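The chain contents come next:
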Amino acid sequence: MTQNEMTSDDSTDPAAVGTTATPDPSGEPLVDQSIEVDGTDSSAQAGREQVIEARDLNVFYGDVQALQDITMSIPENQVTAMIGPSGCGKSTFLRSINRMNDLIDTARVDGELYFEGKNIYDDDVDPVALRRRIGMVFQHPNPFPKSIYDNVAYGLRIQDETENLDQKVETALKRAALWDEVEDQLDKSALDLSGGQQQRLCIARAIAVDPDVILMDEPASALDPIATSKIEDLIEELAEEFTVVIVTHNMQQAARISDKTAVFLTGGELVEFGDTQSIFENPEHQRVEDYITGKFG
Amino acid sequence: MATTEPDADWHGDDSSISQLRGRAFEATCLAATAFGLVSVLLLLLFVANDAFRPLSADSGWLLTYAVTVVVPLAALAVYYYRLDEPAGEVAYVTSGLPVVGVLLTGGFAVMFIELLSILEWFALVTSLVAAGGLIVAHGRLRPNAALERLVVLFGAPIVTVLGTPPAQFNWLVTDLAAALGVDFGLYHRVISLREVLLRLPYVPTNWLLLLGTLVAPLAVAGGVFVARRCDSRRAGFAVVGATLVGALVGLVTGPALGIGYGGWMLLVAFVALPVGVYVEGVVRRREGVRGLAFPVTAVLGVAVGSVVVDAAGLAGPDSWIDWGFLTSATSRTAADAGIYPAMVGSIMMIIVIVLATFPVGVGAAIYLEEYAPSEGPMGKFVTLVEINIGNLAGVPSVVYGLLGLALFIRIVQWPQGSIVVAGLAVGLLILPIVIISAQEAIRSVPDSFRQASYGMGATRWQTIRQVVLPEALPGILTGTILALGRAIGETAPLLMIGAAASVRLAPNGFFDVAGMMPRQIYSWSSELEPAFRHGVLAAGVITLLAVLLVMNATAIVIRNRYQRE
Amino acid sequence: MSTETPEPDITSRPRGRAARERMYQYLLLLCAALSILVTISIVALLARDAITFFTLVNPLDFFGGTEFLLSRDVYGLLPLLSGTLLVTVIAALIALPTGVAAAVYLSEYASDRMRSVLKPGLEVLAGIPTVVYGIFALVYVTPFLRTIGLPVNTFNILSPSIMVGIMIVPMVSSLSEDAMSAVPDSLRRAGYGMGATKFEVTTGVVLPAAASGIFSSFILALSRAIGETMIVVVAAGSQPRMLNLAEPLQNLWQGFQPMTAAMVQINSADSVSQLGFSSMFAIGLTLFAITFLLNLVSNRIAARYREEYE
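Being a predicted model, the structure only gives us computed values, none of them experimental. (Residues numbered from 1 in each chain as written. Chains lettered and ligands numbered in written order. Predicted model: local features only at pLDDT ≥ 70, side-chain atom pairs only at ≥ 80, totals over all residues. Heavy atoms only, no water.)

J.: So what exactly am I meant to see when it comes to the overall build of chain B here?
T.: A count of helical and extended segments in chain B gives 22 helices and zero strands. When the backbone C-alpha atoms are referred to their principal axes, chain B occupies close to 100 × 70 × 60 Å. Pairs at least 24 apart in sequence give 74% of the contacts found in chain B among residues at least 6 apart. Entry remark: accessible area of chain B is about 27600 Å², with carbon and sulfur atoms responsible for 69%. Averaged over its 32 positive side-chain charges, chain B has a centre that lies 9 Å from the centre of its 36 negative ones. (Helix = DSSP H or I, 4+ residues; strand = E, 2+ residues; numbered from the N terminus. Contact = heavy atoms within 4.5 Å. Areas by Shrake-Rupley, 256 points an atom, 1.4 Å probe, with all protein chains shown as cover. Lys, Arg positive; Asp, Glu negative; His and termini not counted. Charge placed at Lys NZ, Arg CZ, Asp CG, Glu CD.)

J.: How should the interface of chain C and chain B be read in this particular structure?
T.: The parts lose accessible area when they come together, and the size of an interface is often stated as this lost area. Taken together, the 82 residues of chain C in the interface contact 85 residues of chain B. For the chain C and chain B pair, buried surface summed over both sides reaches about 7400 Å², with 76% attributable to carbon and sulfur atoms. Taken together, chain C and chain B are joined by three salt bridges. For the salt bridge of arginine 410 of chain B with aspartate 49 of chain C, the shortest nitrogen-to-oxygen distance reads 3.0 Å. Connecting chain C to chain B are 11 residue pairs in polar contact (both at pLDDT 80 or more). With 25 residues, the top contributor of residues to the side of chain C that touches chain B is helix H1 (residues 15–56) of chain C. Looking at the side of chain C that touches chain B residue by residue, the class counts come to 54 nonpolar, 20 polar and eight charged. (Buried area = accessible area lost by both parts, 1.4 Å probe. Salt bridge = Lys/Arg side-chain N within 4 Å of Asp/Glu carboxyl O. Polar contact = N/O pair within 3.5 Å; in protein donor to acceptor, adjacent residues only side chain to side chain. Nonpolar A, V, L, I, M, F, W, Y, C, P; charged D, E, K, R; others polar.)

J.: Explain helix H3 (residues 77–109) of chain C here, please?
T.: Think of an α-helix as 3.6 residues a turn; residues three or four steps apart then line up on the same face. Residues and elements named next belong to chain C. In this model, H3 (33 residues) spans 45 Å end to end at C-alpha, consistent with the 48 Å of a helix rising 1.5 Å per residue. The largest bend along H3 reaches roughly 30° and is located at alanine 92. Within H3, 26 of the 33 residues are buried, which leaves it mostly tucked inside the rest of the structure. (Expected span 1.5 Å × (residues − 1). Bend = angle between axes of the 7 residues up to and from the residue. Buried < 20%, exposed > 50% of the residue type's maximum accessible area, 1.4 Å probe, protein only.)

J.: Looking at this structure, I do not really get helix H8 (residues 225–238) of chain A. What am I missing?
T.: Residue and element names in this part refer to chain A. For H8, with 14 residues, the first-to-last C-alpha span of 20 Å sits near the 20 Å given by 1.5 Å per residue. Along H8, the positions that sit buried rather than exposed are Ala227, Thr228, Ile231, Glu232, Leu234, Ile235 and Leu238. The buried residues of H8 all sit within an arc of 165° when viewed along its axis, so they share a single face. Exposed residues pointing more than 90 degrees away from the buried face of H8 are listed as Pro225 and Ile226. For H8, the elements touching its buried residues are strand E3 (79–83), helix H5 (165–175), helix H7 (195–207), strand E7 (213–217), strand E8 (243–247) and helix H9 (251–257). Between the side-chain oxygen of the N-cap and the backbone nitrogen of isoleucine 226 there are 3.1 Å, and the N-cap of H8 in question is aspartate 224. (Arc of directions from axis to C-beta.)

J.: So what exactly am I meant to see when it comes to the packing of helix H14 (residues 340–371) of chain B against helix H21 (residues 517–525) of chain B here?
T.: Two quantities define a packed helix pair, namely the angle between the helix axes and the distance between the axes. Residues and elements named next belong to chain B. Contact pair H14 / H21: the axes reach a minimum separation of 7 Å and the direction vectors enclose 145°. Mapping the contact onto sequence places Ala342, Met343 and Ser346 in H14 and Met517, Pro518 and Gln520 in H21. For the contact of H14 with H21, a count of residues per class yields four nonpolar, two polar and no charged. (Axes fitted to C-alpha atoms, helices over the stretch in contact; angles between N-to-C directions.)

J.: Help me out: how do you make sense of the environment of alanine 131 of chain B in this one?
T.: Residues and elements named next belong to chain B. Inspection of the secondary structure puts alanine 131 in helix H5 (residues 118–141). Its relative accessible area of 6% is what places alanine 131 among the buried residues. For alanine 131 and glycine 155, which are 24 residues apart along the polypeptide, the C-alpha to C-alpha distance reads 8.8 Å. Ignoring anything within four residues of it in the chain, the contact list for alanine 131 reads Ala156, Pro157 and Thr160.

J.: Could you clarify how one ought to interpret the layout of surface pockets in this entry?
T.: To locate leftover empty space, one rolls a probe as large as a water molecule over the atoms. Volume-wise, the second largest pocket comes out at about 1100 Å³. Looking at the second largest pocket, it is lined by 33 residues, and the ones nearest its centre are Leu103 of chain A together with Glu370, Tyr371, Tyr454 and Arg460 of chain B. Mapped onto the lining of the second largest pocket, the elements with two or more residues apiece are helix H3 (127–133) of chain A, H14, helix H15 (376–392) and helix H18 (447–455) of chain B together with H1 of chain C. Ranked by residues supplied to the lining of the second largest pocket, first place goes to H1 of chain C with five residues. (1 Å grid on protein atoms, 1.4 Å probe; cavity = no way out; pocket = protein on both sides within 12 Å on 5 of 7 lines; lining within 4 Å. Points joined across faces, edges and corners; volume = space filled by probe spheres on them.)

Everything listed here is a matter of geometry and, on its own, says nothing about what the molecule does.
Right under this line is the structure:
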C-alpha cells in the first residue's frame, strides 16, 4: 500500500529507482538485479521496494563524528540487521532513522535519509509524525509504570485514535505473542512482568499504532536465552507485516533472523552491506571477515 | 577498617600512638556531629517541659500513664526496631495517618467556621469542577485549537468561579472603552456560575452538600483505589458505601458527641477512610500486621489510663497547651492566651502560598528540565536562570519581606499585613526551593521513559503530561511539603510586611489583616512576665513545631513510598 | 496492516498541534523567566528607595558613619556592620569546625545505620524556624550562660550567635560531605597503598582534595549567618554600637544590632521619618549585595570542584 504513495511523490525520489520489481514471496531475492545507487557498496539491492535509503549520511556529536558517509538502503518487509563492535555507530544510525537524535542537543546530521522517497531531514518533515510511522524498541525493556493496557494504548491515545481501543490493544498484544500470558491481568502494572514479557510488551506498544518500520536497538541484549529466542521468533513473524531494522551485537542472532546485514566498524563507517548469508559466508572485506570470525572487535 | 592490626615489631613503637590519634579523631568528629543535635534536643526538652509542665501532675497520674501507655509503646518500638522493620513502618503510618487526618479535619473545620459557609464551599467546588470540565471537554473536542485553548484555559475559571471583575475594577473597562472610543454605557458585571449557585432560591441542606462535595468524592477516590488494588469492583463499592453510611451516622451521633455532624463527617472522610483503606491493605498483604498493635495499644492504654486516673482522682498536669490554648485568641493574661487566630492566619497564608508557588514553581522546573536548550542564546539565558534561582535561594528572608513591602503594599496597594501580601512575600521566598526540588524530582524520572514516549511519536508536551509528571509527582509533592514547612515558620518577612502582632479575631478573608503563628510567637517573646516567657511562649513554640513535625513526617512517608518502587 | 486508513503524511504538521506545543512551551518559559523578574524587582525596588536615601545622605557618611540613631536621623552603617560581623564570626567559629568534623564523620567513618540517624537529624536542625532558635537563645541559653558565670546582659550578642552557629552546622556539613564523597576512591586507595592510616588518609588526602568544596560551603554558611534575622531580632537587643576593640571580650556580653535586626526595628518603629524609612532599603540593598555576591562566589567554587571530579 505504500507503492501508490511512492509514485505520487516528486521526481527526485531516489528510492523509486530500480525498485519496480515485484517482491519475491519466498523472502529471498532470486537474482541480485539491483542497480547501484551510489556506486560504492550497495551491492545488496534486492528486488524489493527500498523503504529507507541513506545517502552520504554523517552524524556528529559535538566535534566527534559518529557516522561517516553512510549510504545504504533498507528493503521493505524484511529484517535488516546491523552489527559491529560497540561505538561503531550502528545505534546512532538506527536513531537517525526516526530522528531520535534530535533529542540530543549536540547531535548534528549531514546528508540525506529518505523514507518512502522523502528526505526526513528536510525542513518540512515533522519528526513527531515521522516517529508515528517508524516505531522503536529499546535495548532495555522500558514499559511505562502504568498498567499493561495503558502501555499498549499509549500510542493510540496520544494520536487520538481511541475508537475500538480494546480491540486494538488486544490485536497488538496478540501480534506481540503476549496476549495469552496477560489476557486476564491487563490492569496490572507492566512493571510486574518479567523482562522478556516487558520487552514483548514494548513491541506490542510499538506496533499498536501500526507503523511501517520498527527499529530495534539490541532488543534482546538484556534478556535471558529463553526470552531471547521468543523475541527472535517474534521478530521473524513481524517481518511479514513490518520492515524491521535491528541493531545487535550478537552475530549469531543477526545470522539467524536477518535477511540483510550491515557491518559497521570503528569510526562509524559502513564497511559492508548485503544479504546476510553472503556476508557471513563470504564477506568481501578482510576486516569484516576478521570481525565475524572474532579476530577483531 | 583500613588499619589492620599492625605488626608491632615491624611497625615500631608508634603504631599504638597513631591508632590512638585516629581513634581520638574519630571520636572528636562524632562529638561534633552530635553537638548540634544534642544541644537542640536539650533545648527542646526544656521548651516541652515549660509547655506541658508534666511535673505539675500528681505522681500517681504520671505513673499510671507511664505503665499503661509509655512502657508498652516503648517496648513495641524497641521490638519493631530490632526484629520487625516492616511492622515498624506500619506502626508509624497507622499512628501518623490519624494525626494528619485530624489536622486536616481541623483545617477544614476552621475553614468552614471562619472562611466560607458550606453553601459557599459547595458553590466553589462545583464551579471549579465545571471549569475543569470545560477545559477537558474543549481539549477532547478540539484538541488542536491552541489559541482557543488558551482562551478556555483562562476564560473557564472566569465564567465559572470569578465572574467579570467587580465594581472596583470598573475603571479598567471604562478606560478601555474610552481608549477604543466605544461607549459601553453602564458597566454591568456578569456573575459567575459560583454566584449563580449562591443565589439559588432552593438549595439542599448543609449536610447533603457536605456529603456530596466532600465526603462522596473522597469516598469514591478511596473506592477506586481499593478496587484497583484488590481487582474487585465489589470491594470498591463496599468502601464507598461504608464511608457514606459512616458519614450519615454522624447526623445522629455527631451532635450527641458534641462535635456536630460536620465534624463527624470530616473525621470520617479524613481519618476513618484513609486509615481503613491503609489497614485493609496491610491485612491483605499480610506484611507487618504486627505493626497494627501499636495504635491499638496506644488507644487502649489511654483508655485504661484515664479510667484509672478518674477512679483514683489523680490530677493531670496543668499544661499550657490545652484545648483552650488552641481555640482562643491571645490575651493580656497568660492563662487565657491562645493561638487560634494566628493558626487560622497561617492556614490561610499557606493556601495563598500553594496557589501562588506550586503551578509557577513546577512549571519553571518543567521548562528547565524538559525544554531548556543547552546551547545558543536561549541556552545562555537558561544558564542565567539556573544560576539566578540558586542565588535567590540564598537571599535572606528579610529581603523578601522588603520586596513584599515595596511591591505589594506600596505599589499594588494591598492592605498592609494582609494575608495575600504575607502569602505572596513568603511564596516568593520558597519559590526557588520549590523549583529546585521539583527539578530534582523531574530529573530522577528515567530517561528511558521519555525515549519510549518520543519513539512512539508523542510530542514533548504529551510526554511531559502523560509520562514525566505522573512519575515525578510524589517527589514534587515531597519537595513542596518540605518547602511549605519552611514557609510556615518564616517570621522576618511577616514582620516586614506588617503582619498583625496580635489579633483577637480570626481573619475572614484573604485581604484581612492577620497574624500568623510565628508572628504571634514573636510577640509573646517580648512579654516579660514569666508566665508568658516560660508558659505561653513555650506552648506556641511547641504548637508550631508539632505542625512542622507532621508536615515533615508526611513528606518522608511519601518519599519512602516513592523510592521503594 | 490497516489499508483502510490513509497513511499519515510525515510532512503534515497539524498547525493546531504545533501551536499548542508552542503555547505550553512559552507558558512554562514564562514560569522560569519569573525568577529573573523576581531578582530584577528586588534590585529595582530596593534601589529605588536606596537612591532616595543616598541623595539625602552622603554614601560616605552612611558606609563610614559610626553612629546609628533613628531618632536623630543619623545613619551610620558601621555599628550595624559590627553586630553582623560579630554574629558571623562567632557563628563561624562554632559552625565551621563542627560542620567539617561532622562531614568527615559522616563521609569517612559513620556506619550506614549511624548515617541514617544522623543525617536526617542534622536536616531537622536546618528545618527549625529561626524564630524558635531566637527564643532558645533568649529564654534558655542566656540564663544558662549566666549560671555558668558569664557576665552576659539580658540581650547579648553571644547567645544568638551560638544559635546561628548551630543552625548553620547542617549547611556546612551536608555540602562538605558532598565534596568529600566526590573525592574519587582511587585517591583514598592510593593513600592506603602507601601505608597511611585512615586518619592520615582523611586529613592528608580527602580533606585537601575536597578543600574547594568545603570552602564553598563555608562561604554559603557565612552568607546565611549574615542574612539571619529572627535569631538576632529576638535575642540580640536593639542597641547599635561599635565594636569595643580595646576590650574585645566585653563585646560578647553586650547587645548589638546587626543589619537585619535594624531593618526590622525601623519597619516596626512607631514613628519613623521618611529618611529613616528609606534607610531601611539602603541597608537592605547592602545586605542583598553582600549575600548575593557570597552566594555567587560559593556557587562558582562549587561548580569548579564538581567539574574536577567528573
